[in-house]
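# Structure assessment
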Amino acid sequence: MREAIVLAGGKAERLGEAAGGRPKALVRVGDQPLLAYQVALLVRAGVDRVIVSCAAGQGPVFEQELSGYGAEIVPAEEPEPLGRGGGLRFASASRRDAGDVYALNGDELVDLDLAALAVQHRAGRGAATITVVPLESHLGIVDLDEDDTVLGFREKPRLPHWVSCGVYVLGEEALDRLPAHGDHETTTFPALAAERKLLAYRHEGLWLTVNTPKDLRTAVEHVTANPNWPSAV
């Protein structure tokens, strides 16, 4: 796959002053915009054209901030807020090629092997493949026996569930079934799942979503500790 769609319409409201007035996907993490790390990951997987679904009037700033990172940046400015699914559908009209396409949320850091995701998608022959990560409790838990004796404590344990981390491969059928407005994860994906056309790729590595100042500090700590991850220049 040579193309990808990135959802980058977030306003960074919860980040407040930490956003520096930037769209959330362009908030600085270390010395680079957050989305630059996504672009670097895509380039490593062979992508050379990234379509950025963004708010009206923001296309030029995305082109400017992401130039020089190894891929052509193609803004797809929404004429009005369309929701995540609507944003993907609108941006998909800017593709040069038909067929499978990567799609990502633009406010995350992941160390996903995108090439392996694509291989599994093609082997499974589904309409779409979503990346899932283990669910971890944000609270510590107390283990009890049958008579309510405390057996011990576990800090933020992994739970027996998986959650979508917002990285997908979408085939033509999935793209055709995206809503014009609204969220694909409450419309298109449940419908495909009911038809057994939605597949999952399990990822147990890094996944950081940058929503709050605390999240941003965590992301900065990660890129500071891993200065060559991934090479974005």
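So, a few notes on the structure that sits alongside this text. (Residues numbered from 1 in each chain as written. Predicted model: local features only at pLDDT ≥ 70, side-chain atom pairs only at ≥ 80, totals over all residues. Heavy atoms only, no water.)

### Remarks on helix H4 (residues 114-124)
Taken together, the buried positions of H4 are Leu114, Leu117, Ala118 and His121. For H4, the angular spread of buried residues about the axis comes to 95°, placing them on one side. In H4, the exposed positions that point more than 90 degrees away from the buried face belong to Val119 and Ala123. The opening residue of H4, the one whose side-chain oxygen lies 3.2 Å from the backbone nitrogen of Ala115, is Asp113. Looking one or two places after H4, you find Arg125, whose phi comes out positive at around 55°. (Buried < 20%, exposed > 50% of the residue type's maximum accessible area, 1.4 Å probe, protein only. Helix = DSSP H or I, 4+ residues; strand = E, 2+ residues; numbered from the N terminus. Arc of directions from axis to C-beta. Polar contact = N/O pair within 3.5 Å; in protein donor to acceptor, adjacent residues only side chain to side chain.)

### A short note on the pattern of salt bridges
A full pass over the atoms with the stated rule returns 16 salt bridges. Between Glu185 and Arg84 there is a salt bridge, and its shortest N-O distance comes to 3.2 Å. Note that Glu185 is positioned in the loop between helix H5 (172-176) and helix H6 (188-194) and Arg84 in helix H3 (residues 83-92), a separation of 101 residues in sequence. On the basis of relative accessibility, which here comes to 29%, the residue Glu185 falls in the partly exposed class. The partly exposed category is assigned to Arg84, whose relative accessible area is 27%. For the salt bridge of Lys197 with Glu173, the shortest nitrogen-to-oxygen distance reads 2.9 Å. Remark: Glu173 occurs in helix H5 and Lys197 occurs in the loop between H6 and strand S12 (198-202); sequence separation between them is 24 residues. You can call Glu173 partly exposed: its relative accessible area is 30%. Among the ionic contacts, a cluster of salt bridges with common partners joins Glu3, Arg49, Glu72 and Arg96. (Salt bridge = Lys/Arg side-chain N within 4 Å of Asp/Glu carboxyl O.)

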